[in-house]
Amino acid sequence: MTKLQNKFLMKEQTIRSTTWGHHFIFLNCLLAILTGFTYVYSSPDTESFISFSYLLVTWLGQISFLSFLAFLIFFFPLTFIGNFKVYRVISIIAAVLLHCLLLVDAKLFLSLKVHLSWSVVSLMIRDLTFNTGLNFNFMYIAIPLVIFLELIFARLATREIYKREVRNNHFPAIVMTLVTACFITSHGIYIWADAANYEKITNLRSVFPAHYPMTAKSFLTTHGWIENITADTDGSSTSNIAYPLAEIKFEEKDVQKNVITIFVNGLSYSDLDADTTPNLIKLKMDNLSFENHFLPYDDLYNNLFASWFGLPIQYEQIFTSHSVENISNDVMQKEEYLIRGFTSAINGSEGAKLSKMTGMKSNKLKNLSSDTVLLNEAADFIEKNAEHRMAVTLALNSLLNMNSAEAHKRHLKLLDTQLGKFISRLEEMGITERTMVIISSSLGNKFIGGASVYSKKKQRVPFIIIKPDSENKGVSKNILTSSFDINPTIAVEILGVTTPCVNYGIGDDVLDLEQRDYIPTTQGNNLLLISQDAVTIYKRNGKVVTTTEEEIRPARANLENLIRAMRDFNRFKK
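An account of the accompanying structure is given in this report.

Scoring rules and cut-offs
Residues numbered from 1 in each chain as written. Predicted model: local features only at pLDDT ≥ 70, side-chain atom pairs only at ≥ 80, totals over all residues. Heavy atoms only, no water. Phe/Tyr/Trp six-rings, centres within 6.5 Å; stacked < 30°, edge-to-face > 60°. Buried < 20%, exposed > 50% of the residue type's maximum accessible area, 1.4 Å probe, protein only. Lys NZ or Arg CZ within 6 Å of the ring centre and 35° of its normal. Pairing = 2+ DSSP bridges. Helix = DSSP H or I, 4+ residues; strand = E, 2+ residues; numbered from the N terminus. Axes fitted to C-alpha atoms, helices over the stretch in contact; angles between N-to-C directions. Contact = heavy atoms within 4.5 Å. Core = buried A, V, L, I, M, F, W, Y, C linked by side-chain atoms within 4.5 Å. Expected span 1.5 Å × (residues − 1). Salt bridge = Lys/Arg side-chain N within 4 Å of Asp/Glu carboxyl O.

**What to know about the packing of aromatic side chains**
- Across all of its chains, the model carries 20 aromatic pairs by this definition.
- Pairing phenylalanine 71 with phenylalanine 76 gives two aromatic rings, centres 6.1 Å apart and planes at 45°, and the pair type is tilted.
- Residue phenylalanine 71 is classed as buried on the basis of its relative accessible area of 7%.
- With centroids separated by 5.5 Å and ring planes inclined at 85°, the aromatic side chains of phenylalanine 76 and phenylalanine 80 adopt a geometry described as edge-to-face.
- Judged by relative accessible area, phenylalanine 80 falls into the exposed class, the value being 51%.
- The positively charged end of arginine 460 is found above the aromatic ring belonging to tyrosine 269, 3.9 Å away from the centroid.

**As for the sheet that holds strand S13 (residues 552–554)**
- Read from one edge of the open sheet, 5 strands run S9-S10-S11-S12-S13, paired in antiparallel fashion. Two strands close off the open sheet at either side, each with one partner strand: strand S9 (519–523) and S13. On average, adjacent strands in this sheet sit at an angle of 25° to one another, irrespective of strand direction.
- Here 4 bridges tie strand S10 (residues 526–530) to strand S11 (residues 535–538), and the two strands are oriented antiparallel to one another. Opposite leucine 528, over in S11, you have isoleucine 537 as the bridge partner.
- Contacting S9, S10 and S11, helix H18 (residues 559–569) crosses the sheet at an angle of about 105° to S10.

**Some details on the nonpolar core**
- Core analysis: the biggest nonpolar cluster contains 56 residues, and Tyr243, Leu311, Phe319, Met332, Ile465, Ile490 and Tyr504 have the highest contact counts within it.
- In terms of residue count, helix H10 (residues 300–309) provides more of this core than any other element does, 7 residues in total.
- In this structure, Trp59, Leu60, Cys182 and Ile201 belong to the second largest nonpolar core, which totals 41 residues.

**Some thoughts on helix H5 (residues 139–161)**
- Spanning 23 residues, H5 covers 32 Å between terminal C-alpha atoms, matching the ideal 33 Å at 1.5 Å per step.
- Every buried residue of H5 is accounted for by Met139, Ala142, Val146, Glu150, Phe153, Ala154, Ala157, Thr158 and Glu160.

**Digging into the sheet that holds strand S3 (residues 338–344)**
- Taken in spatial order, the 8 strands make up an open sheet running S4-S3-S5-S1-S6-S7-S2-S8, and their pairing is mixed. Of all the strands in the sheet, the pair left with one neighbour each is strand S4 (365–368) and strand S8 (476–482). Averaged over all pairs of adjacent strands, the angle between strand axes in this sheet comes to 20°, irrespective of strand direction.
- As judged from the 6 bridges shared by S3 and strand S5 (residues 390–396), these two strands associate in the parallel manner. Paired with phenylalanine 342 across the two strands is leucine 394, which belongs to S5.
- Together, strand S1 (258–264), S3, S4 and S5 form the strand contacts of helix H14 (residues 371–384), whose direction differs from that of S5 by roughly 175°.
- Across the sheet, helix H15 (residues 405–429) touches S1, S5, strand S6 (435–440) and strand S7 (464–466), and the angle it forms with S1 is around 175°.

**Focus: the pattern of salt bridges**
- On inspection of all chains with the given rule, the structure shows 14 salt bridges.
- A salt bridge links arginine 425 to aspartate 380; the shortest N-O distance between them is 2.5 Å. Of this pair, arginine 425 sits in helix H15 while aspartate 380 sits in helix H14, placing them 45 residues apart in sequence.
- Among the residues examined, aspartate 380 registers a relative accessible area of 41% and is labelled partly exposed.
- The partner of aspartate 568 in a salt bridge is arginine 571, with the nearest N and O atoms 2.6 Å apart.

Right, here's the structure in full:
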C-alpha cells in the first residue's frame, strides 16, 4: 500500500512539474524574445521589404525554437525527479543561467557581430575585454533583474496550476501558433532566397544564435566588408566614431626629447646590401633594427596615414575631412613642439594630399625639388631650432620616379651617401643625444613584385630606430611590426603617453612589444592577415587562401583570427 501511495505521489509530482514547466517556459520564451530583439537592432541594414520581413519572422521563430529546445533538453527531463519543489528550484537556476548566456551572446553580437562559440570563449578566456572597452558590467544589473523576473515567473506558473476555476485562456495557444508559423516561414523564405541567390536575405543568416553556421563569408558580410568595405565611413559625421577611447594622459619629460622620422619611399628591405647602401647597413647594425617590418598597404598615402595615426585606412576619410588630430600631434602641441614636414619630388596636388593624409597643415609642410635639397634644408632647420623640442618628418620620394631597376639602384646608392651625411651632421650638432631617429619607408620598391595579391618581398621594408638611451644598441628583432606601430612608439617613448596604445591605435610601442601572430590589413574588399611565413587572404567570395612568394594554396578560415581582426578594425566605431 505504501509503495502504491509513493508511486501515485511521484506520478502526481511529475505531472504537476510538467504542467508547471509548460507555463514557466512560456513566460521565459516571451522574455527571450524580448532580449532577442537586440539581434534585430544590431543586424545589417535590410534593403528590401522581404528581407526585413525575413528578419522579423526569424527573430520570433528562432528565439522561440531555442526556448522550446531548452525545454526538451533541460526542463522536461528534470520533471522525472518526482519532487515538485526541487524541480522548481533547479528550473529557476537553469533559466537564470540560460538567460545570462543569451545576454552575453547578444552583447557579443552587438559589439563584435559574433556569437558564442568555442573559438570566442577561448579568446575571451585569454583576453576578457578584447582590449576595446568591451565589458560586461551591464550584467551587474541584468543578473539581479533576471533572477527577480524568474521568481515572478515561477510564482505565476505555480498560481496557474493551482487556480480554482478553469479559464479559457487562448493567449498561449495564439502565441505558440504565431511563433511556429514564423519559424516555418523563415526557413521557407531562406530556402527560396538560397535557390534564387537572393543575397539580401542569405546575408542575414548569421544574425541569430544557433541559426546557421558562421562561415568566413557570412562573418565578413555581417561586418559589411563584402559589399562595401568603407560604406559606413563617408566623412559626413564623426558621431559614429569614438576616438580616442579613453582620456590621453602623459608624463611631462624633464629632458627635451625630439623625434625625426625619415621615410625613404621606394625602398624595400631586400634593397639593402653592403655595396649599394653601406650607410643604411651600418645604421642597421649599430642600432635597433626590426627585421620583419611590413607595410599594410600598397599605396604611399595610405601607408603614411597608417604611420601618422596608427589606424587602418577605413578611418581616413572621416578623420581627414574633419581634421581629427592624431594623439601624438595633439600632445606635441600641448608640449609646444615645433612640428615640420619636408617632402621631395611631388607636385602641388600630391603635396596637398600628403598634407591631408598626415594631418599636417600646409604651412608646416615644405615641398623640395630633390632629396639632396630636402636633407640639407631639414638639417639647417634642425640646427637652427636645436634649443626647441621638435618633431620633423622627412619623405624622400625620388626613388619613386626611377624608370628602371638599374636607375633605382644607382640613385639609391647616391641617396644612401646623402643620408649618411645627414645623420653625421645630426651627430655633430649633438642633437642625437636627445633625439629618436626612425628610418623606414612608406612604399616598397616598385620593381619588386610577384603574382600574389600581397608581395611580402616588396612590402617588407627597413625599420631602424636610433635612440641614444636605448639598451638595444646593435640589436635585431624578428617580431612582426608595421606602419601602425610608428605613432604609438613615438607617443610612448618620446611623449610619455601612459594611456594604453589600444585606446588610440591598432599598433603598439615596438620597444615593449612581444611577438604577435599577424598584422591585419586590407586590399580592396579582401582582408589580409600578414604572418611570419605567409599571408592569409579572406576574399570577397568568402574563400580563404594562403600566399607566399612561391605559391597560392587554399586554407581554412580561422574564426578566432577574424574576430581579432574585426575587433581591431572596428575598435573606434560606435
